[in-house]
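If you want the building blocks of each chain, they are given just below.
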Amino acid sequence: RYSDQIGIIFLNMSEVADNEKAAVATYVRTTTADASTRPKSKKELRAEKKAAKKSAAAAAASPTNETKMPSKHESKEEKYRLKKERRKQQLKEREKEFLREKKERQKKRKARELHAVGGGLDPVLAAKRLEERKNKKKRKKEQKDALEESKFFGNDMAVFDKVFNGTGEEDEEGVRTLEMGVKCKDVVIGKGQIVENNSLLTVMYKLKSGKGILIDSSKKFIFRVGKGNVIRGWDIGVLGMAVGGVRKLIVPPKAGYQGQDIGAGPGALLYFDITVLACT
């Protein structure tokens, strides 16, 4: 009897459990139906939108959507294509250059034909034009030759004669040009013995620069003329002076100290005031 009672109790409990399960299932079905039919809330919509963005980002980052790298064969074909295009462009540029040069040659040829004797002109007029051109060239050559000749045989030749030959001609204000371009001017003409080559002279002198600055001086200087004791300009410039005479000398570098700087600057003219004190 006791076991029968226990079995009845378990049977009743199972029936209750089955009823509860059926009730829960019915509630779930009704809740799901209500959720599918009712409008979604803002929170649900935001959640769905966020999930969609995540899925899209994941799909973009997936390896299946990455840029496909070209294969070795495709790279080789692309390189060959680019090389072919460059070659084609070079050929086009060469063809344009050739056509341009051809047009230039044709233009020059037409110009030569037009200006030639009888080329595009009346034969008489063409011959006249050719003769005028020849005469113009001849005149230009004559003018050039005359200019060169005047340069050599004009003032330059006169200076050459004065420097190297010593013309002794009297210039303006009593200035004479002697050998090697030495210029002299007698300030006081002496009345004593005449200075000649190999004479022993005693002189007083002053040396100045072109700006009038005193460079050197002496109250008593003795030398022998023509023996190389002094500069060449002195040997030339004192000839013909007399005792008591005063002479101004302008000595160029060629007859002086060449290109040395003795106080007046390298290659400058030297200005001397020389007074003859004695001559033996």
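Residues numbered from 1 in each chain as written. Predicted model: local features only at pLDDT ≥ 70, side-chain atom pairs only at ≥ 80, totals over all residues. Heavy atoms only, no water.

## Digging into the overall build of the protein chain
Along the protein chain, the regular secondary structure elements total 6 helices and 6 strands. Listing the helices and strands of the protein chain from first to last along the sequence gives α-α-α-α-α-β-β-β-β-α-β-β. Taken over 280 residues, the protein chain has a buried fraction of 16%. As displayed, the protein chain offers around 22,200 Å² of accessible surface, 56% of which is attributable to carbon and sulfur atoms. (Helix = DSSP H or I, 4+ residues; strand = E, 2+ residues; numbered from the N terminus. Buried < 20%, exposed > 50% of the residue type's maximum accessible area, 1.4 Å probe, protein only. Areas by Shrake-Rupley, 256 points an atom, 1.4 Å probe, with all protein chains shown as cover.)

## Quick notes on the pattern of salt bridges
A side chain of one charge can pair with a side chain of the opposite charge when the charged atoms of the two come close. Summed over all chains, the structure comprises 5 salt bridges. Between Glu 97 and Arg 100 there is a salt bridge, and its shortest N-O distance comes to 2.5 Å. Here Glu 97 pairs with Arg 100, and both are found in helix 3 (residues 72-115), just 3 residues apart, close to one helical turn. Under the relative-accessibility criterion, Glu 97 is labelled partly exposed at 35%. Residue classification places Arg 100 among the partly exposed positions, given a relative accessible area of 44%. Its salt-bridge partner being Asp 186, residue Arg 247 comes within 2.6 Å of it at the nearest N-O pair. (Salt bridge = Lys/Arg side-chain N within 4 Å of Asp/Glu carboxyl O.)

## Quick word on the environment of Lys 220
Within the secondary structure, Lys 220 sits in strand 4 (residues 214-224). It is 6.3 Å that separates the C-alpha atoms of Lys 220 and Thr 202, two residues lying 18 residues apart in sequence. Residues contacting Lys 220, with those up to four places away along its chain left out, are Thr 202 and Val 203. (Contact = heavy atoms within 4.5 Å.)

## A closer look at the confidence of the model for the protein chain
Within the protein chain, residue pLDDT values average 78, and 70% of them lie at 70 or more. Below pLDDT 50 for its whole length, residues 162-170 participates in 28 contacts with residues either more than four positions away or in separate chains. (pLDDT = per-residue confidence, 0-100.)

## Here we look at the sheet that holds strand 5 (residues 246-251)
Strand order in the open sheet formed by 6 strands is 1-2-5-6-3-4, with antiparallel pairing between adjacent strands. Each end of this open sheet is capped by a strand with a single partner; those strands are strand 1 (176-177) and strand 4. Relative to strand 2 (residues 183-188), strand 1 runs antiparallel, the two sharing 2 bridges. Within strand 2, the residue paired with Arg 176 across the bridge is Cys 184. (Pairing = 2+ DSSP bridges.)

## Some details on unusual backbone geometry
For residues that are not glycine, phi is negative in most cases, and the peptide bond is trans in most cases. Not every positive phi belongs to a glycine, and Met 180 is a case in point at roughly 60°. If you trace the backbone, Met 180 turns up in the loop between strand 1 and strand 2. Phi at Asn 198 takes a positive value of approximately 75°, unusual for a residue other than glycine. Tracing the sequence through the fold places Asn 198 in the loop between strand 2 and strand 3 (200-208).

## Considerations on the packing of aromatic side chains
Considering all chains together, one arrives at 6 aromatic pairs under this definition. Centroid distance Tyr 205 to Phe 221: 5.9 Å. Interplanar angle 80°. Geometry classified as edge-to-face. Pair noted here: Tyr 205 is in strand 3 and Phe 221 is in strand 4, with a separation of 16 residues, a long-range link. Overall, the relative accessible area of 11% leaves Tyr 205 in the buried class. (Phe/Tyr/Trp six-rings, centres within 6.5 Å; stacked < 30°, edge-to-face > 60°.)

## Thoughts on the nonpolar core
Membership of the largest hydrophobic core comes to 24 residues, with the highest contact counts inside it found for Leu 201, Trp 234 and Phe 272. Within the residue set of this core, elements represented by two or more residues are strand 3, helix 6 (232-237), strand 5 and strand 6 (270-279). With 5 residues, the top contributor of residues to this core is strand 6. Sequence-distant contacts of Trp 234, that is, excluding residues within four places in its chain, are made with Val 203, Tyr 205, Phe 221, Phe 223, Leu 249, Phe 272 and Ile 274. (Core = buried A, V, L, I, M, F, W, Y, C linked by side-chain atoms within 4.5 Å.)

## Points about a positive patch on the surface
A cluster of basic residues, Lys 102, Arg 105, Lys 108, Arg 109, Lys 110 and Arg 112, forms a positive patch at the surface. Topologically, Arg 105 is positioned in helix 3. Classification of Arg 105 by relative accessible area gives partly exposed; the value is 44%. (Patch = residues over 30% accessible without salt bridge, like charges linked within 9 Å, V, L, I, M, F, W, Y side chains within 5 Å. Lys, Arg positive; Asp, Glu negative; His and termini not counted. Charge placed at Lys NZ, Arg CZ, Asp CG, Glu CD.)

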